[in-house]
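Coordinate inspection notes
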2 protein chains.
Amino acid sequence: MKLALDAMGGDNAPQINIDGAKLALEKINTLEKLYLVGDEDTLKAAVDATGIGSNPKLEIVHAAEVVSMEESGLVAVRQKKKSSMSISVDMVKDGTCDAVLSAGNTGAAVAASTIKLRLLEGVERAGIISPLPSQHGYVLVSDTGANPDAKPSHLAGYAVMSALMAKYVYARPVPNVGVMSNGTEDCKGSAFSLEAYRILKALSDKGLLPFNFIGNCEGHDLFETDLDVAVTDGFTGNILLKSVEATAKAFGHWLKAGIMESFMAKLGALLMKPVFKKMGKRMSADTIGGCPLMGVRGVSIIAHGSANGTAILNACRMADSMCRNNINEHIVEIMAKINTALRGEIAMA
Amino acid sequence: MKLALDAMGGDNAPQINIDGAKLALEKINTLEKLYLVGDEDTLKAAVDATGIGSNPKLEIVHAAEVVSMEESGLVAVRQKKKSSMSISVDMVKDGTCDAVLSAGNTGAAVAASTIKLRLLEGVERAGIISPLPSQHGYVLVSDTGANPDAKPSHLAGYAVMSALMAKYVYARPVPNVGVMSNGTEDCKGSAFSLEAYRILKALSDKGLLPFNFIGNCEGHDLFETDLDVAVTDGFTGNILLKSVEATAKAFGHWLKAGIMESFMAKLGALLMKPVFKKMGKRMSADTIGGCPLMGVRGVSIIAHGSANGTAILNACRMADSMCRNNINEHIVEIMAKINTALRGEIAMA
């Protein structure tokens, strides 16, 4: 894989990206080339200080501008043509790289990737796939924000893209895929989710899906069952994702506050430190690394703004696995069959 | 308050309802009458065994049928006219009681209350209000499932009803109310949520709202800010609620599993027991008691299927507070003003 890393993206950029680049160069054998995109002088000094300046796989690409975390994504893409994010995406567009990774402004990363790279053949809308830790490993929720006003048919695309991600990157040969709904019974749902359910059921009955469609799913399925993928519109998915993150964070805060209230509790917490550490690692966004924006021509990974070097490494691993497995080729192949059915009798029902 | 308690509702009915009735009779001074609705013989034996059989405030009302947890709510309401749930709701309808409480089949409780009691004047749709524990006490999320295909204008009603609940039952004089969205910036949202935002903003600008409209809100606002109410459609709200509950549950499970892995961790957990207990109480649905279905003529509270006696007591307290504060009268008064504006220039915008 050849990767363009937006070195100026992230709350603690560029250091986290330098740290991540160092780890990726050490640990990912299939990484052919890593381009660090950003202010040349800053990056040169930083790579030299980290001792990776002479690595032949590493190259610095100068970018004069930076997209800030507060800017409107669309405006940033249109106006800052020389930003590190813009140039990183351009390097996938012109074929220099296979994948782009940024921990910068999410809206700008989505806009730049969608506008510049454009959609894969047969894909109606790009979607963000967010892996969440679950009982059996990870459950992938999609879309978590790229497309807040989705059509029911878009969910078929999200299901296919997420299922391929589950299959190739998370080693789940026949992923279980559900539609998020307000109850697991077949009859439960909004008009929107019931139509998405109908489409997926019809495609499943025709044997066109590369996964096991389980029907409706809800909150507890995310963490306690062997569900691999939950699809929904980008509005509901974004609210779901942030509410889950906020709940875990609140749980952690309240636990910490409780511990601080007594000496005995503090002592207990000290003895439990390995348990807390393990849980923290399991639930950390850094362990997951990033979220792919799927459906575009190329691989585009969006990391959390608060990403650290480990997160960048893990996001690089995700990009590498997606590239090695030619995920986009599989998507195009399956979507071609599905779209024929969607234009035919399934649309008529 | 005169209360009809569906004594056969709940996973551990009727005992939890007998336990709850005992607690409510002891602790709620303003409880004038408590009707236990269900199988007469079973209930007579149970109240005598609990020592509350001779309490003059308590009365048993016979109901020959029971709605099971698995039945379709709508079918149950239509076919089981003699069920404990149906008769309990009928007692509010005919004026015998002010409030009804059931820990039974949620769908049936919503259907029975909506169909039999009908909507308050000026209310377009009933909504379920779910209190969640937050940094400052509770945040009320509405609708969490009564109306999965809401119109944007319905959210104005949910905002008013939830805000009055926050004001009178949760002692928040001027509640902060937000619209759940995929980002806090004004421009963020789906077409649906942006229209709900526009309506609420217009009503707020006209000074017609009995609360402080803060605009968009998202996951972290639920737990970490002084948000009192988050409104959304019943589809998104139900998914949000169940995902939050599932996250808290998963967190608890993983913590427990980690503790079991080593002796030191077990010892630590023992020392931390008071902290875990306090957190468990804070986050327990039993502490909250129940969720009101608001917008119907009368007070209708739906408790969790796994409710215990404490949950029933707390749900009774909620019903009592809603009755004492004449919440429904306030709703009708405010909705009259709002609907005039909604039919006028706000609809035109």
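In this report, we go over the structure that sits alongside the text.

Cut-offs applied
Residues numbered from 1 in each chain as written. Chains lettered and ligands numbered in written order. Predicted model: local features only at pLDDT ≥ 70, side-chain atom pairs only at ≥ 80, totals over all residues. Heavy atoms only, no water. Least-squares fit on C-alpha atoms with pLDDT ≥ 70 in both. Contact = heavy atoms within 4.5 Å. Pairing = 2+ DSSP bridges. Helix = DSSP H or I, 4+ residues; strand = E, 2+ residues; numbered from the N terminus. Buried < 20%, exposed > 50% of the residue type's maximum accessible area, 1.4 Å probe, protein only. Arc of directions from axis to C-beta. Axes fitted to C-alpha atoms, helices over the stretch in contact; angles between N-to-C directions. Phe/Tyr/Trp six-rings, centres within 6.5 Å; stacked < 30°, edge-to-face > 60°. Lys NZ or Arg CZ within 6 Å of the ring centre and 35° of its normal.

Notes on the relation of the copies chain B and chain A
Superposition of the two copies of the chain requires a rotation about an axis and a shift along the axis. Between chain B and chain A, which share one sequence, the superposing operator has a rotation angle of 180° and an axial displacement of 0.0 Å; the RMSD is 0.0 Å. In symmetry terms, the pair is related by a two-fold rotation axis. Measuring from the rotation axis to each C-alpha of chain B, the shortest distance belongs to G268 of chain B, at 1.8 Å. Both copies contact each other with a shared surface, as 100% of the interface residues of chain B are interface residues in chain A too.

Description of the pairing of strand β6 (residues 137–142) of chain B
All names here are of chain B. Bridge analysis of strand β5 (residues 127–134) against β6 gives 6 bridges, and the strand direction is antiparallel. For S134, the partnering residue across the bridge sits in β6 and is G137. Taking the residues that link successive antiparallel strands as the turn, the β5-β6 hairpin has 2 residues. Sheet topology note: the β6/strand β9 (residues 229–231) ladder contains 3 bridges and is parallel. When the sheet's bridge partners are listed, S142 is paired in β9 with V231.

A few points about helix α2 (residues 40–50) of chain B
Residue and element names in this part refer to chain B. Listing the buried residues of α2 in full gives L43, A46, V47 and T50. Buried residues of α2, viewed axially, fall in a sector of 95°; they line one side. Set apart from the buried face of α2 by more than 90 degrees, the exposed residues are D41, D48 and A49. Those residues of α2 that are buried lie in contact with α1 (15–27), β2 (33–38) and β3 (58–62). Downstream of α2 by one or two residues, G51 has phi in the positive range, about 80°.

What about the sheet that holds strand β2 (residues 33–38) of chain A?
Residue and element names in this part refer to chain A. Spatially, β3-β2-β1-β4-β11-β10-β5-β6-β9-β7-β8 is the arrangement adopted by the 11 strands of the open sheet, whose pairing is mixed. The outermost strands of the open sheet, each flanked by one partner alone, are β3 (58–62) and β8 (212–217). Between one strand axis and the next, the sheet turns by 25° as a mean value, whatever way the strands run. Contacting β5 (127–134), β10 (290–294) and β11 (299–303), helix α5 (residues 106–117) runs over the sheet at an angle of about 175° to β11.

What about the packing of aromatic side chains?
Counted under the stated rule, the structure contains 5 aromatic pairs over all chains. Between Y138 of chain A and Y170 of chain A the ring centres are 5.4 Å apart and the planes differ by 50°, which places this aromatic pair in the tilted class. Taken together, the positions of Y138 of chain A in strand β6 (residues 137–142) and Y170 of chain A in the loop between α6 (152–168) and β7 (176–180) put the pair 32 residues apart, joining distant regions of the chain. Y138 of chain A gets classed as partly exposed once you look at its relative accessible area, which sits at 23%. Where Y197 of chain A meets F213 of chain A, the ring centres are 5.5 Å apart and the plane angle is 70°; that geometry is what we call edge-to-face. Of the two residues, Y197 of chain A sits in helix α7 (residues 191–205) while F213 of chain A sits in strand β8, which places them 16 residues apart along the sequence. Like Y197 of chain A, the residue F213 of chain A is buried in the burial classification. The ring of W254 of chain B carries R282 of chain A above its face, with NZ or CZ at 4.1 Å from the centroid.

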